[in-house]
Number of protein chains: 2
Amino acid sequence: MREDARIGVVGATGAVGPVAVELLRERGYTNVRAFASARSAGKMVEGIVIEEATPETLVDLDVCLFSVGTDLSRELVPVAVRAGAVAVDKSSAFRLQDGVPLVVPEVNGERAADHDGIVANPNCCTIPLAMVLKPLHDAAGLARARVSTYQSRSGAGIERMDQLRATPPAEAHIDMDWDFDGVDFEEEAKLRAETRKILELPELPISVTCVRVPVLVGHTEAVWVETKERLSVDDATHVLSEALGLRVEAVPQPRDAVGIDDVLVGRIRQDETTENGLVLFLACDNLRKGAALNAIQIAKLLLERRTVAA
Amino acid sequence: MREDARIGVVGATGAVGPVAVELLRERGYTNVRAFASARSAGKMVEGIVIEEATPETLVDLDVCLFSVGTDLSRELVPVAVRAGAVAVDKSSAFRLQDGVPLVVPEVNGERAADHDGIVANPNCCTIPLAMVLKPLHDAAGLARARVSTYQSRSGAGIERMDQLRATPPAEAHIDMDWDFDGVDFEEEAKLRAETRKILELPELPISVTCVRVPVLVGHTEAVWVETKERLSVDDATHVLSEALGLRVEAVPQPRDAVGIDDVLVGRIRQDETTENGLVLFLACDNLRKGAALNAIQIAKLLLERRTVAA
């Protein structure tokens, strides 16, 4: 992979964009451009002058990482693709679209090449969940999963981070502020549908409860898994500790997951309420592996496989 | 019930004690005494001068509510009982002891009378959970339950509340700081064993994951329930809305549960991963119904049934 590949980061003033620019710099990429709205054009991020994202500027890019809202992605992603870039899009705009690969490199990296200009970056809770479910599925076959999330404010964008910073701790509460279809929250439907698509298990039964907690960064999830064949705690621990991108810890304290690349998984116990059940807990830096890092890993796959110009 | 019953509150400077004194005053009890350690003796709580809790002072009481640590309960509860009071103890010291009723008045209030001087007040997560599980069990028979908790700092005592108040929001994290037996946290084992005892279902399969969130007051729980007979969402909603002490809300925002007596339950959905499954969410003021209010309701039962002197 050429470190001088031309990489754009759109959404450079959001929660995820600056992390993406930082991680690209750390990895030695020299040809990184940052984009945001007209309001932020001219500001700096990691020593790069931010450009306004327009059809005129989103050109001459090999890969363009989008971390903006769904509406803006729908508008700007096709612009960048028409101009020759492969877009790695973090919004939910294209994730479930046929022909758009939805990729977690450790889980289904080989799908990244099957794109038509757009590769989608999954929801920040889907990424660590798929990473944990995949090795268990390969070892024993997934029968069903139940998940409750503890999602941080940064998953909802930079305004919600600022809002939490300004809230006295005595007034901070958990909340469930997602769009609601009358049964599930949109977030819950996403987590289910995306996990099914990534694992290529379109019928996998998954029940999800999503909750936002007053934490700035770091998503965690309590997961109950039932497998078709019995998997002992020792075997599950072994399987997970061998999996790429996971680190097994007895009690994965979520604060330990923040600032690192690995997803922490632990508290692996038998779910004694059923025959082939396991219960576990995972923690993930939602801005890194849950967002920016996963996008960069996708970009790397695309550049290495020369499915883009670089 | 005589409003001049002689009621003691031990632990008057903790997280729960002041709430108990306040609720007793609101309910018109005129003969309330407050106790704490020597360090706090002479301070005031709700206009009452705090006495040191000693064998000499814990006398002339009809009912004595204890909200102190397990070690202190083991020491002081027998003292108050020997002096003639019935003790309602919030610690885990006696909860699972044979002959000690473990009581949630709406669930098994009739058990309160079977005491030998001590009635135990369940864990702050057990109380709302038992209140939700009982009507579902009566309607359709419980097969198993899975629970993940979002527990506030006040459940861990007043020091942890002060610690959170002093933590900048950017540094607040969820944590799992319970004693650990190598498999479950002690908190998880409590929740399982206490729920089984209260529901009188000693074999009920329950799997629990307990998590502490950076919230001052208000516990919430995500609950998956499987019943022996099928219960539709409508039927479950009806059954829960008829149950004493519960209030059904579409999306029970936990902040709405703080400061009120009812337990909020909602997000009642079919758990599509299994045949007779439901998933729901509950929210409870852990200092009120999860602690002080439940103790006062037990005291009221004891005084009404004249199993104590008053």
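Structural notes, computed from the coordinates. (Residues numbered from 1 in each chain as written. Chains lettered and ligands numbered in written order. Predicted model: local features only at pLDDT ≥ 70, side-chain atom pairs only at ≥ 80, totals over all residues. Heavy atoms only, no water.)

## Regarding helix H1 (residues 17–26) of chain B
Because an α-helix packs 3.6 residues into every turn, residues spaced three or four apart end up facing the same way.
Right, on to step 1. Looking only at H1 of chain B, the buried set comprises Gly17, Val19, Ala20, Val21, Leu23 and Leu24 of chain B.
Right, on to step 2. Glycine 28 of chain B sits one or two positions beyond H1 of chain B and adopts a positive phi of about 90 degrees. (Buried < 20%, exposed > 50% of the residue type's maximum accessible area, 1.4 Å probe, protein only. Helix = DSSP H or I, 4+ residues; strand = E, 2+ residues; numbered from the N terminus.)

## Some thoughts on the nonpolar core
Right, on to step 1. Core analysis: the biggest nonpolar cluster contains 138 residues, and Leu58, Phe66 and Leu136 of chain A together with Leu58, Phe66 and Leu136 of chain B have the highest contact counts within it.
Right, on to step 2. Those residues in contact with leucine 58 of chain A that sit more than four places away from it in its chain are Val10, Phe35, Ala53, Cys64, Phe66, Leu76, Val79, Ala80 and Ala83 of chain A. (Core = buried A, V, L, I, M, F, W, Y, C linked by side-chain atoms within 4.5 Å. Contact = heavy atoms within 4.5 Å.)

## As for the pattern of salt bridges
Right, on to step 1. Considering all chains together, one arrives at 55 salt bridges over all chains under this definition.
Right, on to step 2. Measuring nitrogen to oxygen at the nearest pair gives 3.9 Å for the salt bridge that ties aspartate 177 of chain B to arginine 212 of chain B. With aspartate 177 of chain B in the loop between helix H5 (158–165) and helix H6 (186–199) and arginine 212 of chain B in the loop between strand E10 (206–209) and strand E11 (219–227), this residue pair connects regions lying 35 residues apart in the sequence.
Right, on to step 3. Members of the salt-bridge network, linked through shared partners, are Arg144, Arg146, Glu226 and Asp271 of chain A together with Arg144, Arg146, Glu226 and Asp271 of chain B. (Salt bridge = Lys/Arg side-chain N within 4 Å of Asp/Glu carboxyl O.)

## Details of the interface of chain B and chain A
Right, on to step 1. Each partner contributes residues to the interface: chain B has 50 residues there, and chain A has 50 residues.
Right, on to step 2. Between chain B and chain A, a total of about 4200 Å² is buried, with carbon and sulfur atoms accounting for 61% of that surface.
Right, on to step 3. Run the count over chain B and chain A and you get twelve salt bridges.
Right, on to step 4. A salt bridge links arginine 267 of chain B to glutamate 188 of chain A; the nearest nitrogen and oxygen atoms lie 2.5 Å apart.
Right, on to step 5. For the pair chain B and chain A, the number of links is 27 residue pairs in polar contact (both at pLDDT 80 or more).
Right, on to step 6. Where the side of chain B that touches chain A is concerned, the elements lending two or more residues are strand E9 (142–150), H5, E10, E11, strand E13 (263–270) and strand E14 (277–284) of chain B.
Right, on to step 7. No other element matches E9 of chain B, which puts seven residues into the side of chain B that touches chain A.
Right, on to step 8. Per-class residue counts for the side of chain B that touches chain A are 29 nonpolar, ten polar and eleven charged. (Buried area = accessible area lost by both parts, 1.4 Å probe. Polar contact = N/O pair within 3.5 Å; in protein donor to acceptor, adjacent residues only side chain to side chain. Nonpolar A, V, L, I, M, F, W, Y, C, P; charged D, E, K, R; others polar.)

## Things to note about the sheet that holds strand E13 (residues 277–284) of chain A
Residues and elements named next belong to chain A.
Right, on to step 1. Strands sit in the order E9-E8-E10-E13-E12-E11 across an open sheet of six strands; the sheet is mixed. Of all strands in the sheet, those with a lone pairing partner are strand E9 (206–209) and strand E11 (246–249), marking the two edges. Averaged over neighbouring strand pairs, the angle between their axes works out to 25 degrees when direction is ignored.
Right, on to step 2. Here strand E8 (residues 142–150) runs beside E9; their pairing, made up of four bridges, is parallel. Across the sheet, the residue bridging to alanine 145 is isoleucine 206, located in E9. (Pairing = 2+ DSSP bridges. Axes fitted to C-alpha atoms, helices over the stretch in contact; angles between N-to-C directions.)

## Some words on unusual backbone geometry
Residue and element names in this part refer to chain A.
Right, on to step 1. Of note in this structure, aspartate 60 is not a glycine but carries a positive phi near 60 degrees.
Right, on to step 2. Examined against the element boundaries, aspartate 60 turns out to sit in the loop between strand E4 (48–52) and strand E5 (63–66).
Right, on to step 3. For aspartate 60, a relative accessible area of 52% puts it in the exposed group.

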